[in-house]
Amino acid sequence: MGNRRAFLRFIASSPLLAGIPSAVNALAQSDIDKAADALDVFDFEVAAKKVLPPAHWGYMATGVDGEETLNANREGFTRYQLRPRRFVDVSRIDMSLELFGTKLNSPIALCPVGSQRAFHNEGEVAAARAAQSKGNLQILSTQTSIAVEDVVRARGGPIWYQLYTTSDFDITTKLVKRAEAAGCTATAVTVDLPAGRNTSTMMRFQRADTRACGSCHSDATGNLANPRVGGGVSNTKPMFAGMNTQGLGLTSPSLTWDFIKRLKGVTKMKVVIKGLETREDAALAVEHGADGIIVSNHGGRATETGRGTIECVSEVVQAVRGRIPVIVDGGFRRGTDVYKALALGATAVGIGRPYIWGLSAFGQAGVERVIDILNNELRLAMVGCGARSLKEITSASIIDTGRRA
Ligand SMILES: Cc1cc2nc3c(=O)[nH]c(=O)nc-3n(C[C@H](O)[C@H](O)[C@H](O)COP(=O)(O)O)c2cc1C
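Cut-offs applied
Residue numbers here run from 1 along each chain, matching the order of that chain's written sequence. Only residues with pLDDT of at least 70 are given local features in this predicted model, and only at 80 or more are side-chain atom pairs given and counted; all residues enter the totals for whole chains, interfaces and linings. Hydrogens and water are ignored here; the side-chain numbers use all heavy atoms of the structure. Secondary structure is summarised from DSSP: a helix means a run of H or I of at least four residues, a strand means a run of E of at least two, and numbering begins at the N terminus for each. Summary of the burial criterion: residues with accessible area below 20% of their type's maximum are buried, those above 50% are exposed, and those between are partly exposed, where the area comes from a 1.4 Å probe applied to protein chains only. The Shrake-Rupley method, run with a 1.4 Å probe, gives the accessible areas here. Residue values count only the displayed protein chains as cover. By the criterion applied in these results, polar contacts are pairs of N or O atoms within 3.5 Å in which, for protein atoms, one can donate a hydrogen and the other can accept it, and in which residues neighboring in sequence qualify only through two side-chain atoms. We define proximity as follows: a residue is near a molecule or strand when any one of its heavy atoms falls within 4 Å of that partner. What makes two residues a contact is simply this: any of their non-hydrogen atoms within 4.5 Å. Our arc is simply the arc of the directions from the helix axis toward the C-beta atoms. A strand pair is defined by DSSP finding two or more bridges across the two strands. Each axis is a line fitted through C-alpha atoms, taken for helices only over the stretch in contact, and angles between the N-to-C directions span 0 to 180 degrees.

Chemist: Please clarify how the overall build of the protein should be interpreted in this entry.
Modeler: The number of helices and strands found in the protein is 16 helices and 12 strands. In the protein, which comprises 405 residues, the proportion classed as buried is 56%. Carbon and sulfur atoms form 51% of the exposed surface of the protein, whose accessible area is close to 17300 Å².

Chemist: It is not clear to me how the side chain of Asp-40 should be interpreted in this structure. Could you clarify?
Modeler: One can find Asp-40 in the loop between helix H2 (21-28) and helix H3 (41-51). On the basis of relative accessibility, which here comes to 11%, the residue Asp-40 falls in the buried class. Reaching out from Asp-40, the side chain makes a polar contact with the backbone nitrogen of Phe-42 at a distance of 3.1 Å.

Chemist: What should I look at first to understand the site of the ligand in this one?
Modeler: The environment of the ligand is formed by 23 residues, the closest being Pro-112, Ser-141, Thr-190, Arg-333 and Gly-352. A distance of 3.0 Å is found between an oxygen atom of the ligand and a side-chain nitrogen or oxygen belonging to Lys-274. A distance of 2.9 Å separates an oxygen atom of the ligand from a polar backbone atom of Arg-353. Protein chains bury 98% of the 600 Å² of accessible surface belonging to the ligand in isolation. Of all the secondary structure elements, the ones that give two or more residues to the shell around the ligand are helix H4 (54-61), strand E6 (160-164) and helix H15 (353-362).

Chemist: Would you take a moment to explain the environment of Asn-297 for this structure?
Modeler: In this structure, Asn-297 sits in the loop between strand E9 (292-295) and helix H13 (313-320). In this structure the C-alpha to C-alpha distance between Asn-297 and Leu-70, which are 227 residues apart in sequence, comes to 8.8 Å. In this view, Asn-297 contacts Thr-69, Asn-73, Asp-192, Glu-277, Ala-302, Arg-307, Thr-309 and Asp-329; residues no more than four positions away in its chain are not counted.

Chemist: How should helix H11 (residues 258-265) be read in this particular structure?
Modeler: Within the sequence span of H11, burial applies to Phe-259, Ile-260 and Leu-263. Looking down the long axis of H11, one finds its buried residues gathered within 100° of arc, a one-sided arrangement. Every exposed residue of H11 that faces more than 90 degrees away from the buried side is listed here: Asp-258, Lys-261 and Gly-265. Elements in contact with the buried residues of H11: E6, helix H8 (169-182), strand E7 (186-190) and strand E8 (270-276).

Chemist: Honestly, the sheet that holds strand E11 (residues 348-351) in this entry has me stumped. Any pointers?
Modeler: Hydrogen bonding along the main chain pairs the strands of a sheet, whether they run parallel or antiparallel. As summarised here, the arrangement of the eight strands in space is E4-E11-E10-E9-E8-E7-E6-E5, forming an open sheet in which the pairing is parallel. The outermost strands of the open sheet, each flanked by one partner alone, are strand E4 (108-110) and strand E5 (139-140). Pairing analysis gives five bridges linking E6 to E7, with the strands arranged parallel. In the sheet register, Gln-162 faces E7, and the bridge partner there is Ala-188. Lying on the sheet, helix H12 (residues 279-287) is in contact with E8 and E9; it crosses E8 at an angle near 165°.

Printed below as a string of structure tokens:
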């Protein structure tokens, strides 16, 4: 490793690369041995790719169709620029917030990501311990690879439970009641995958993976990669253990807004809708009693809209008019991304892949470092722009140029 590092340093300082800063960055980013060495979250992307089998990497990294929406989630941020204010006393910065009565140390939540033991043996429990030590919100997937009770115990505080609606309300009710009994305080019902998706790039990674998957999960696709969301459900997943999942869909194409009322009828948890992108749906969500909204396109893994989620925030916030919290996820990789979302009126943001990169490479320590890096970048953005608390990040804090750079 020492020789390799020296070689990379030599290459990075070569005049041949002087005009190609991105190439220099890419080289620098491939060389971390421990979580503490990471300088930005992209260092973990490189580290994760090195340790993960191709099929698992493909499951996590890819989007749908030609990855246009996945890319738009990053490119969307370039529409917005920061407007710094000077001569503000920024010697104290407060990034905390309260969400449904729970105090959080920063507005960065860990999004639901299924099957986390495919990335690290300690899976969702490692993420929970990191969320606990940093004081951040964790949202646990229905497709969790570790039982909700164990994850709540590891978090030592409230988490949210992400709900796939399933195609059978009795089973949905059981999932929700189990999550509530385990101590979850809110359920985020994911509505952006009514019936399937086209995951062709992921399939290519699976084909490139020649290992026998049967020793870890029952087939090469279904239980891990779950390309048939809206299709089959496996009862090898802890949330479905002991259930007859024959013919059960993880989601259902026939659901309408009545579902929210039905769901509220069987749980005391707050009901948050994950996967809205328009003002029309935001208004309907409030009308139907939703307690919160997560603006999301499933990390570019659902419908190929071509629209970055950051570009959807304004219209949702305008329709909601402050009545319920609005969270947004998709492509958040920098503290300035978080700053932009808050300036557009979001209450908090979610990250998916970045903490999974950290988890894959270094377990709990990787997730903690990802949270630290993003917190630190957000703090610097707040210091640099003269915002001392999240409330001081307002619509005057950014400008929308109207087009992506
Ligand atoms: C590997 C992977 C698995 C995911 N599993 C779920 C899931 O089970 N439920 C869900 O609502 N969203 C799921 N998501 C979407 C995330 O919750 C989140 O919306 C998305 O990852 C945010 O985008 P980002 O990865 O660019 O940060 C998954 C995302 C990834 C990358």
